[in-house]
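Architecture at a glance
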Amino acid sequence: MSELTVTVLRLGLLVLLWVFVLGAVGVLRRDLFGTKVVPRTPTPKRKPQAQPEAPRRQPRPAPQQPPQRDRATPTSVVVTDGSLRGTKIALAQSPVLIGRSPDSTLVLTDDYASTRHARLYPQDGKWFVEDLGSTNGTYLGDQRLTAPTQVQPGTRLRIGRTVLELRR
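Residues numbered from 1 in each chain as written. Predicted model: local features only at pLDDT ≥ 70, side-chain atom pairs only at ≥ 80, totals over all residues. Heavy atoms only, no water.

Quick notes on the sheet that holds strand β7 (residues 138-140)
Within a sheet, adjacent strands bond to each other through the backbone by hydrogen bonds, running parallel or antiparallel. In space, the six strands of this open sheet follow the order β2-β1-β11-β10-β7-β8, with antiparallel pairing throughout. The two strands at the open ends of the sheet, each matched to only one other strand, are β2 (88-90) and β8 (143-144). Judged from the two bridges that link them, β7 and β8 form a sheet pairing that is antiparallel. Considered in β8, the bridge of Tyr139 is made with Arg144. (Pairing = 2+ DSSP bridges. Helix = DSSP H or I, 4+ residues; strand = E, 2+ residues; numbered from the N terminus.)

With respect to helix α1 (residues 3-33)
A rise of 1.5 Å per residue sets the reference length of α1, with its 31 residues, at 45 Å; its end C-alpha atoms lie 45 Å apart and thus fit the reference within 8%. For α1, a buried count of zero out of 31 residues is recorded, marking the element as mostly open to its surroundings. (Expected span 1.5 Å × (residues − 1). Buried < 20%, exposed > 50% of the residue type's maximum accessible area, 1.4 Å probe, protein only.)

Here's the deal with the pairing of strand β10 (residues 156-159)
Each regular strand carries side chains that alternate between the two faces of the sheet. With burial as the criterion, only one face of β10 is covered, namely that bearing Leu157 and Ile159; the residues Arg156 and Arg158 on the opposite face remain uncovered. Two strands pair when backbone bridges link them, and β7 and β10 are joined in this way by three bridges, in the antiparallel orientation. Along β10, the bridge assignment pairs Leu140 with Leu157. Bridge count for β10 against strand β11 (residues 162-167) is four bridges, and the pairing is antiparallel. Bridging across to β11, Leu157 finds its partner in Leu164. The turn linking β10 back onto β11 is made up of two residues, and Gly160 within it adopts a positive phi angle of 65°.

With respect to the pattern of salt bridges
Counted under the stated rule, the structure contains two salt bridges. Linking Glu130 and Arg119 is a salt bridge whose minimum nitrogen-to-oxygen distance equals 2.7 Å. You can see Glu130 sitting in strand β6 (residues 126-131) and its partner Arg119 sitting in strand β5 (residues 118-123), a full eleven residues away along the chain. Judged by its relative accessible area of 27%, Arg119 is partly exposed. A salt bridge links Arg167 to Glu165; its shortest N-O distance comes to 3.2 Å. (Salt bridge = Lys/Arg side-chain N within 4 Å of Asp/Glu carboxyl O.)

Points about the sheet that holds strand β4 (residues 106-107)
With respect to topology, five strands assemble into an open sheet ordered β4-β3-β5-β6-β9, the strand pairing being mixed. The two strands at the open ends of the sheet, each matched to only one other strand, are β4 and β9 (149-150). Sheet analysis places strand β3 (residues 96-99) next to β5, joined by three bridges and oriented antiparallel. Paired with Leu97 across the two strands is Arg119, which belongs to β5.

Following this line, the structure appears as structure tokens:
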């Protein structure tokens, strides 16, 4: 082999080595600084600026009564077993996202939970649970969920090592 070929091979290996080192540094940087922390407290609202003209006041509509809840409808979800034991979340009309993601409603610190593991949502006055394609599955009682399923109060919902229960 000529000297030129050997020099080109050496330079190629050197470039390849640097690409590998920079790739490893990039992975470490993303691993250490990649998680974005989302604050859980609401941001204070700004005061509205004074308007030059006073707008005409329109009568307020009568406040709507919240829908009547059936006594069998759950009002909260409680963590009964796991690292967050005793945590209680009130159920409203919005869905509850469960997982390790910081933007989840219930953030689990469980190695067996996926980033976006499961979702609890209301439909026609009843609550349903849906597995969001998790690796280790979501269990209602002893049965693994394959489709959205209605949750009755008192039924155990297991996600990894965390056990949840809907209560009235």
